[in-house]
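Residue strings, one per chain:
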Amino acid sequence: MTALKNDRFLRALLKQPVDVTPVWMMRQAGRYLPEYRASRAKAGDFMSLCMNPAFACEVTMQPLERYPLDAAILFSDILTIPDAMGQGLYFETGEGPRFKKVVSTLADIEALPIPDPQKDLGYVMDAVSTIRRELNGRVPLIGFSGSPWTLATYMVEGGSSKDFRKTKAMLYDNPHAMHLLLDKLAQSVTSYLNGQILAGAQAVQIFDTWGGNLSAAAYQEFSLAYMKKIVSGLIREHEGRKVPVILFTKNGGLWLESIADAGADALGLDWTCDLGEARRRVGNKVALQGNMDPTVLYAKPEAIRAEVARILASYGNGTGHVFNLGHGITPEVDPEHAGAFINAVHEFSAQYHQ
Ligand code: CP3
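Model, not experiment: these values are computed from the prediction. (Residues numbered from 1 in each chain as written. Predicted model: local features only at pLDDT ≥ 70, side-chain atom pairs only at ≥ 80, totals over all residues. Heavy atoms only, no water.)

Caption draft 1: Examining the overall build of the chain more closely. Helix and strand counts for the chain stand at 16 helices and 11 strands. The C-alpha atoms of the chain give a radius of gyration of 19 Å, which matches the 20 Å a tight globule of 354 residues would have. With the C-alpha coordinates of the chain rotated into their principal frame, the extents come out at 60 × 45 × 40 Å. Across the 354 residues that make up the chain, the buried fraction comes to 59%. Restricting to contacts in the chain with at least 6 residues of sequence separation, those with at least 24 account for 73%. Of the roughly 14000 Å² that the chain leaves accessible, carbon and sulfur atoms contribute 51%. (Helix = DSSP H or I, 4+ residues; strand = E, 2+ residues; numbered from the N terminus. Rg over C-alpha atoms; globule rule 2.2 N^0.38 Å. Buried < 20%, exposed > 50% of the residue type's maximum accessible area, 1.4 Å probe, protein only. Contact = heavy atoms within 4.5 Å. Areas by Shrake-Rupley, 256 points an atom, 1.4 Å probe, with all protein chains shown as cover.)

Caption draft 2: Representation of the site of the ligand within the structure. Around the ligand, 23 residues are found, and the nearest of them are Arg27, Arg31, Tyr36, Arg40 and His327. Note that an oxygen atom of the ligand is positioned 3.1 Å from one of the backbone N or O atoms of Ala29. Tyr36 places a side-chain nitrogen or oxygen 2.5 Å from an oxygen atom of the ligand. In the complex, 88% of the free accessible area of the ligand, which totals 870 Å², lies under the protein chains. At the level of elements, helix H2 (34-43) and strand S3 (96-99) are the ones that each hand at least two residues to the shell around the ligand. Residue classes in the shell around the ligand are distributed as 13 nonpolar, 6 polar and 4 charged. (Near = heavy atom within 4 Å. Polar contact = N/O pair within 3.5 Å; in protein donor to acceptor, adjacent residues only side chain to side chain. Nonpolar A, V, L, I, M, F, W, Y, C, P; charged D, E, K, R; others polar.)

Caption draft 3: How the structure looks around the layout of surface pockets. What the largest pocket holds in volume is close to 1400 Å³. Along its surface, the largest pocket is lined by 40 residues, and Arg27, Arg31, Phe46, Asp77 and Phe91 are the ones closest to its centre. Elements represented by at least two residues in the lining of the largest pocket include exactly H2, strand S2 (89-92), S3 and helix H9 (148-157). Here the residues of the lining of the largest pocket are counted per class, giving 19 nonpolar, 14 polar and 7 charged. Of the volumes computed, that of the second largest pocket is approximately 160 Å³. What lines the second largest pocket is a set of 13 residues, and nearest its centre among them are Arg132, Gln202, His238, Glu239 and Arg241. (1 Å grid on protein atoms, 1.4 Å probe; cavity = no way out; pocket = protein on both sides within 12 Å on 5 of 7 lines; lining within 4 Å. Points joined across faces, edges and corners; volume = space filled by probe spheres on them.)

Caption draft 4: Summary view of unusual backbone geometry. Cis peptide bonds are those with omega within 30 degrees of zero, and the linkage from Gly290 to Asn291 qualifies with -5°. Unusually for a residue other than glycine, Arg27 sits at a positive phi of about 60°. Along the chain, Arg27 falls in the loop between helix H1 (8-13) and H2. Phi at Asn251 is positive, roughly 65°, even though this residue is not glycine. Locating Asn251 in the fold gives a position in the loop between strand S8 (245-249) and helix H13 (256-260).

Caption draft 5: Looking closely at the sheet that holds S8. Here 7 strands make up an open sheet; going across it, the order is S1-S4-S5-S8-S9-S10-S11 and the pairing parallel. Edge positions in the sheet fall to strand S1 (72-73) and strand S11 (321-325), since each has one partner strand and no second. Across 3 bridges, the pairing between strand S9 (residues 266-268) and strand S10 (residues 287-292) is parallel. The residue bridging Gly268 from the neighbouring strand is Gln289, located in S10. (Pairing = 2+ DSSP bridges.)

Caption draft 6: Local environment of the nonpolar core. Counting residues in each nonpolar core, the largest one holds 128 residues, and the members touching the most others are Phe9, Met292 and Phe341. When residues of this core are assigned to their parent elements, the largest contribution, 11 residues, is made by helix H11 (residues 175-199). Not counting residues within four places of it along the chain, the set of residues in contact with Met292 comprises Trp271, Leu297, Ile304, Glu307, Val308, Ile311, Phe323, Asn324, Leu325, Gly326 and Phe341. (Core = buried A, V, L, I, M, F, W, Y, C linked by side-chain atoms within 4.5 Å.)

Caption draft 7: Spatial organisation of H9. Among the 10 residues that make up H9, 10 are buried, leaving the element largely enclosed by the rest of the structure. Buried within H9 are the following residues: Pro148, Trp149, Thr150, Leu151, Ala152, Thr153, Tyr154, Met155, Val156 and Glu157.

Caption draft 8: Looking closely at the pairing of strand S5 (residues 203-208). Within S5, 6 of the 6 residues are buried, leaving the element largely enclosed by the surrounding structure. On S5, burial covers both faces: Ala203, Gln205 and Phe207 on one face and Val204, Ile206 and Asp208 on the other are all buried. Judged from the 5 bridges that link them, strand S4 (residues 141-146) and S5 form a sheet pairing that is parallel. Among the inter-strand pairings, Ile142 is bridged to a residue of S5, identified as Ala203. The sheet contact formed by S5 and S8 spans 5 bridges and is parallel.

That is the geometry; function is a separate question.
Take a look at the structure:
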């Protein structure tokens, strides 16, 4: 394997010294880029991009051709697992994800298979190895999965939801069924992420997009407990390097201390928490990733630069910070604004690493 030419992303996650703060953007390959929209048109639709390793590799590389990003992220989706469990994922244009089969009863859950990463999700493993070859050591490759709770919401609702009505009803009416579903998902996510690591992912992130929608008690029992279980089953060293694990619970700012105890190397933060305060709360346990409000990218470059400077100052001196947005970049963002954001991180952060 080729040596990494730029490893500051992995170093910052492990709290090792860096020259400047590394930066990448959640959803960095996506609709805000005209070249992404062209590739999607060529492939036919979003799932065809994901399922064809050459296309997945092409769109993963697009933001790296434009910007000096410090990491690449596998182009795929968190809903590949429920699809591999037989739910039949499809995307209705402009409507988000949908499933042909919905999970409603204990019997539905008992019948769900645990996907084999090689047999059932081989297209994702092939995308990872194809992208690693194409990157040729330029920057590290991030693999990812949804958290069990976040995946469960899509599986039970049959798609996106505003209030998680069916999922919450199942949690409170039938906690035994919900725990069985989450346990099957935790097993699936563990082997899926380990498959990605063996195929070449050099760090992994678990997206708990909807964990922050739970009560404090339910978050511990129905989301964090299963992420902990996953973390304890992951391969943590491969190709002679540590493989850092990042947990991102959106709206999890109230629970940072307990998330920091889950055994991961880093926590992702959305923009509702103050980065400096988060650093004091988690102490030396974990690195932090985040946390600019993605809508700041609608403002002019000068305002974007000022916000980057404010966030860097809030974190302060030293390593342990990976700059990112607090959630995914949106389709309406001007690609030049994304460029101003990334350049500002490198330009303004050198002073904090002397
Ligand atoms: O970050 C990256 O560049 C890697 C790619 C990536 C995608 N989805 C591609 C995608 C990642 C990391 C995801 C994760 C994902 N998918 C999450 C967790 C992160 C988050 O945003 O909270 C969730 C909840 C999903 C489920 C999902 N996929 C939804 C709700 C949607 C529809 C909303 C939307 O933005 O259209 C998707 C589709 C999707 N996944 C797109 C992309 C680029 C847009 C599809 C298109 O091209 O039309």
